Amino acid sequence: MSSQIRPVQSGEYSAAEQVITDAFNDPNIAGMVRAIRESSFYWPELELAAMRDGQVVGHVMVSGATLRHAAGERTVAMLSPLATAPGRQRSGVGTALVAAVVETAEQRGEPLVILEGSPDFYGRRGFTSASAAGITIPIPDWAPPEAAQVALLGAYDENDSTWRGEVIYPPAVAALGH
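Given the structure is predicted, the values throughout are model-derived calculations rather than measurements.

### Brief notes about the environment of Gln4
Mapped onto the secondary structure, Gln4 falls in strand S1 (residues 4–7). Sequence-wise, Gln4 and Glu110 are 106 residues apart; in three dimensions their C-alpha atoms are separated by 23 Å. In this structure, Gln4 is in contact with Ala49, Ala50 and Met51, ignoring residues within four places of it in sequence.

### Quick word on the packing of aromatic side chains
Enumeration according to the criterion identifies two aromatic pairs in this entry. When the centroid spacing of 4.9 Å and the interplanar angle of 85° are considered together, the rings of Phe121 and Tyr122 count as edge-to-face. Judged by relative accessible area, Tyr122 falls into the buried class, the value being 9%. Where Tyr122 meets Phe127, the ring centres are 5.6 Å apart and the plane angle is 80°; that geometry is what we call edge-to-face. The pair formed by Tyr122 and Phe127 is uniform in burial state, with each residue classed as buried. Against the face of Phe121 rests Arg125, its NZ or CZ located 3.7 Å from the ring centre.

### Describing helix H1 (residues 13–24)
If you check H1, its first and last C-alpha atoms are 16 Å apart, about what twelve residues at 1.5 Å a residue would give, namely 16 Å. Buried residues of H1: Ala16, Glu17, Val19 and Ile20, and no others. Buried residues of H1 fall within an arc of 155° about the axis and therefore sit on the same side.

Parameters and conventions
- Residues numbered from 1 in each chain as written.
- Predicted model: local features only at pLDDT ≥ 70, side-chain atom pairs only at ≥ 80, totals over all residues.
- Heavy atoms only, no water.
- Helix = DSSP H or I, 4+ residues; strand = E, 2+ residues; numbered from the N terminus.
- Contact = heavy atoms within 4.5 Å.
- Phe/Tyr/Trp six-rings, centres within 6.5 Å; stacked < 30°, edge-to-face > 60°.
- Buried < 20%, exposed > 50% of the residue type's maximum accessible area, 1.4 Å probe, protein only.
- Lys NZ or Arg CZ within 6 Å of the ring centre and 35° of its normal.
- Expected span 1.5 Å × (residues − 1).
- Arc of directions from axis to C-beta.

Everything listed is a geometric property; what it means functionally is a separate question.
And the structure:
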């Protein structure tokens, strides 16, 4: 049975946060999501839930981050976090959520989506090296450099140098130690 993917409803926030906490075994990640929701970096149409039998079984969020480039700054789309309920992992929920949120970002006209995550998982879903695209993403010391990734979407213009630079995480993400 497949999941229904749709925007998270405000009445589902606590269920989504429980999925996030259970998936990461860390309540701080759900706290980051709450803080993003309260910030100017929050894009409600890019916070999606995977639903099965009326229950939230997965969650993904794309919100804004700052890209500092030679001529100034601009906002870019950042995927974080992606979570699947532990009993539903390895069942396609995460893959479906990533595909849906990237497609929604594409429809919104976003040129790219950045993230830090597993190169194996995200590489199979269209993400490539951020550094190869001229983007520096701060990653934790324990993460391999390949964890800094980007999906270049249809609106991306490789000749526009303002899409290259250093990512500055919003306060809610930076507070986690990135």
